[in-house]
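# Observations on the three-dimensional arrangement
Now for the letters of each chain:
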Amino acid sequence: INHIVHNGGLYKRPFNEAFEETPMLVAVLTYVGYGVLTLFGYLRDFMRQWKIEKCQNATEREEQKDFVPLYQDFENFYNRNLYMRIRDSWNRPICSVPGAKVDMMERVSHDYNWTFTYTGRVIKDIINMGSYNYLGFAQKTGACQEAAAKVLSQYGAGVCSTRQEMGNLDKHEELEKLVARFLGVESAMAYGMGFATNSMNIPALVGKGCLILSDELNHASLVLGARLSGATIRIFKHNNMQSLEKLLKDAIVHGQPRTRRPWKKILILVEGIYSMEGSIVRLPEVIALKKKYKSYLYLDEAHSIGALGPSGRGVVEYFGLSPEDVDVMMGTFTKSFGAAGGYIGGKKELIDYLRTYSHSAAYATSMSPPVVEQIITSVKCIMGEDGTTVGEARVQQLAENTRYFRRRLKEMGFIIYGNEDSPVVPLMLYMPAKIGAFGREMLKRNIGVVVVGFPATPIIESRARFCLSAAHTKEMLDTALKEINEVGDLLQLKYSRRRLVPLLDRPFDETTYEETED
């Protein structure tokens, strides 16, 4: 399904997203593949039970067999019998900066991935297509590293207190003022962990008697925060404005269940870039609905801040909107800024309230000073306040890399999900056997990739996920594309029935489609 939206003036630029339908034969074969694996899983469990096959999975101790079980054996059926077959595709230990290239420790398994042993060999210069290093600030040399090292020698590594007690440094205050200026909001607050920024702050904003409307593909941190809040949660279809508006109408017309009283608050939870789909939120439409139905908007810019917009200010700038239209602007420093932690920006009253009532502010240890300095230096670089144009050049380079890489993959015949401007690029694999095979074949060719399967994705939508970086050179991308093309032919991954036609005279960012025979 291709979306090219202008929508009556809400959008100031074309909004191009593609989610090509899964071919029927591929879907059937994927279900058959999972069915065969499940049957063999039951067979192997039977053999383990009768001691025919060695049982290596966690089980209850014999002396506790009459107790209420702490370990539910059936719940781990998938991990034991499906995930274990391709476990070598995850948790690979790297031993270098996660930049454009990484070094990886070689490991082998002699018991079908139940345990691993290290050979002592280091695989050098693997092209890193998996880290969220969007602007290339994950580096061990340069201004950020020098500034962080200087602060480390002055402040040390830890703070050993919360912000409300003895952990409020001048560096924290400087960071928050800088972030507020960068976002164009009145005030901001920084937190030591991106996940906790969502999971611990949403319960401070809504509670019983409130309604949360959440996108079905929201991150686990948003889901956890919504559940911890005690508010009623309703899910709308991914990026589907008709579904969201229907829920808003029903909420206002019917009110709370049983009592029919009006909801105390209605909070819409969305992300800027969805990290598994590569799609960008339809923010102009979300804001229009939010204003129409007098609700609040919580925007998670974990993947979009730094990566979208002419000057890297995220999805709000990408659409040419005002930050005042977003009630709660959340983001993380773990991706584009090469650091750790998260932030919330908004009106001064909101931030003052969170300083008092947020669990992350009251109970969590303050951010480490060198990490704070890494963020300050990288944000100033993006804003051009370091006296250079390096930050602006990185934002532009990321945008160029994104369009080039996405276009080339589509020309090869792969099914690629998401928005044409999203640096998160999902390549569809579908079948369970191809998840592990793709990761292993790419590593053989010195390309590090992330592969994703059920339950992180729907069962028939396993994929490889590439994350582009401004640090990637065209030569690196061409090398990666050449190897991806080769592995795609080897594993027969070119499922697309809608091939891009490569035209030598076509402008860089334009796309032409031609329907081809399956």
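What counts and how
Residues numbered from 1 in each chain as written. Predicted model: local features only at pLDDT ≥ 70, side-chain atom pairs only at ≥ 80, totals over all residues. Heavy atoms only, no water. Helix = DSSP H or I, 4+ residues; strand = E, 2+ residues; numbered from the N terminus. Buried < 20%, exposed > 50% of the residue type's maximum accessible area, 1.4 Å probe, protein only. Polar contact = N/O pair within 3.5 Å; in protein donor to acceptor, adjacent residues only side chain to side chain. Contact = heavy atoms within 4.5 Å. Expected span 1.5 Å × (residues − 1). UniProt positions renumbered as here; feature names shortened; annotations may be inferred. Phe/Tyr/Trp six-rings, centres within 6.5 Å; stacked < 30°, edge-to-face > 60°. Lys NZ or Arg CZ within 6 Å of the ring centre and 35° of its normal. Pairing = 2+ DSSP bridges. Domains from an automatic or database assignment. Buried area = accessible area lost by both parts, 1.4 Å probe. Salt bridge = Lys/Arg side-chain N within 4 Å of Asp/Glu carboxyl O. Axes fitted to C-alpha atoms, helices over the stretch in contact; angles between N-to-C directions. Right-handed = clockwise from strand over helix to strand, strands pointing away.

## Regarding the side chain of Glu-176
- Relative to the elements of secondary structure, Glu-176 occurs in helix α4 (residues 170-183).
- Judged by relative accessible area, Glu-176 falls into the buried class, the value being 4%.
- Looking at Glu-176, its side chain comes within polar contact range of the side chain of Arg-163, at 2.8 Å.
- Only 3.1 Å separates the side chain of Glu-176 from the side chain of Arg-355, close enough to count as a polar contact.
- Excluding residues that lie within four positions of it along the chain, Glu-176 makes contacts with Arg-163, Ala-188, Met-189, Ala-190 and Arg-355.

## A short note on helix α1 (residues 24-49)
- Here α1 is 26 residues long and its end C-alpha atoms lie 38 Å apart, about the 38 Å a rise of 1.5 Å per residue gives.
- Looking at the buried residues of α1, the elements they touch are α2 (77-81), β13 (424-430), α14 (432-444) and β16 (462-467).

## Examining the UniProt feature "domain: Aminotransferase class I/classII large" (unreviewed entry) in the protein
- In this structure's numbering, the residues bearing the UniProt feature "domain: Aminotransferase class I/classII large" (unreviewed entry) are residues 124-484.
- In this annotation, residues 124-484 is assigned 43% helix and 17% strand; the end-to-end C-alpha distance for the span is 19 Å.

## Side note on the packing of aromatic side chains
- One pass over the full model with this rule turns up 17 aromatic pairs.
- Ring geometry for Tyr-132 against Tyr-134: centres 6.4 Å apart, planes inclined by 45°, an arrangement best described as tilted.
- Measuring from ring centre to ring centre gives 5.5 Å for Phe-405 and Phe-466, while their planes differ by 75°; the resulting arrangement is edge-to-face. With Phe-405 in helix α13 (residues 390-412) and Phe-466 in strand β16, this pair connects stretches of sequence that are 61 residues apart. Accessibility assignment for this pair places Phe-405 and Phe-466 in one class, buried.
- Among the aromatic residues, ring-to-ring pairing joins Tyr-11, Phe-15, Tyr-318 and Phe-319 into one connected group.
- The lysine or arginine in question, Arg-107, covers the ring of Phe-116, its NZ or CZ lying 4.1 Å from the ring centre.

## Brief notes about the sheet that holds strand β14 (residues 447-448)
- Reading across the sheet, the three strands line up as β3-β4-β14 and stay open at both edges, with mixed pairing between neighbours. Each of the sheet's edge strands pairs with one partner strand only, and the pair in question is β3 (101-108) and β14.

## What to know about the side chain of Asn-81
- Structurally, Asn-81 is set in helix α2.
- A relative accessible area of 4% places Asn-81 in the buried class.

## Some details on helix α8 (residues 283-292)
- Taken across its 10 residues, α8 has seven buried, putting it largely inside the fold.
- Turning to α8, its buried residues are Leu-283, Pro-284, Glu-285, Val-286, Ile-287, Leu-289 and Lys-290.
- Backbone geometry just after α8 places Lys-294 at a positive phi near 55°.

## A short note on unusual backbone geometry
- Phe-454 connects to Pro-455 through a cis peptide bond whose omega is 10°.
- With respect to the helices, strands and loops of the structure, Pro-455 is situated in the loop between β15 (450-452) and β16.
- In the Ramachandran plot, Asn-239 falls in the positive-phi region, its phi being about 55° despite a non-glycine side chain.
- For Asn-239, the location among the structural elements is in the loop between β7 (232-236) and α7 (241-254).

## Things to note about the domain arrangement of the protein
- For the protein, the assigned domains read domain 1 (20-128 + 388-497) and domain 2 (143-383).
- Just the C-alpha atoms count here: the centres of domain 1 and domain 2 sit 29 Å apart.
- Each partner contributes residues to the interface: domain 1 has 18 residues there, and domain 2 has 19 residues.
- Carbon and sulfur atoms supply 59% of the area buried between domain 1 and domain 2, which totals about 1,300 Å² over both sides.
- Linking domain 1 to domain 2 there are one salt bridge.
- Among the salt bridges present, the one from Glu-277 reaches Arg-463, with a minimum N-O distance of 2.9 Å.
- Where the side of domain 1 that touches domain 2 is concerned, the elements lending two or more residues are α13, β12 (418-419), β13 and β16.

## Description of the sheet that holds strand β9 (residues 296-300)
- Here we have seven strands laid out as an open sheet, ordered β5-β11-β10-β9-β8-β6-β7, and mixed in their pairing. On the outer flanks of this sheet lie β5 (187-191) and β7, each paired with one strand and no other. With strand direction ignored, the average angle separating the axes of adjacent strands in the sheet is 20°.
- Pairing of strand β6 (residues 211-215) with β7 involves five bridges; the strand directions are parallel. Opposite Ser-214, over in β7, you have Ile-235 as the bridge partner.
- The sheet contacts of helix α6 (residues 220-229) involve β6, β7, β8 (266-271) and β9, and relative to β8 the element is tilted by about 165°.
- Packing against the sheet, α8 makes contact with β8 and β9, and its axis sits at approximately 155° to β9.

## Quick word on the UniProt feature "transmembrane region" (unreviewed entry) in the protein
- The UniProt entry lists residues 24-43 under the feature "transmembrane region" (unreviewed entry), expressed in the numbering used here.
- Secondary structure content for residues 24-43 is 100% helix and 0% strand, and the end C-alpha separation is 29 Å.

## Considering the pairing of β8
- For β8, the buried fraction is high: six of the six residues fall into the buried class.
- Side chains Ile-266, Ile-268 and Val-270 of β8 all project onto a buried face; the interleaved residues Leu-267, Leu-269 and Glu-271 project onto the opposite face, where all are buried too.
- Where β6 and β8 come together, four bridges link them in parallel fashion. The residue bridging Ile-212 from the neighbouring strand is Leu-267, located in β8.
- Pairing of β8 with β9, which is carried by five bridges, proceeds in the parallel orientation. Within β9, the position partnered with Ile-268 by the bridge is Leu-297.
- Handedness of the β8-α8-β9 crossover: right-handed.

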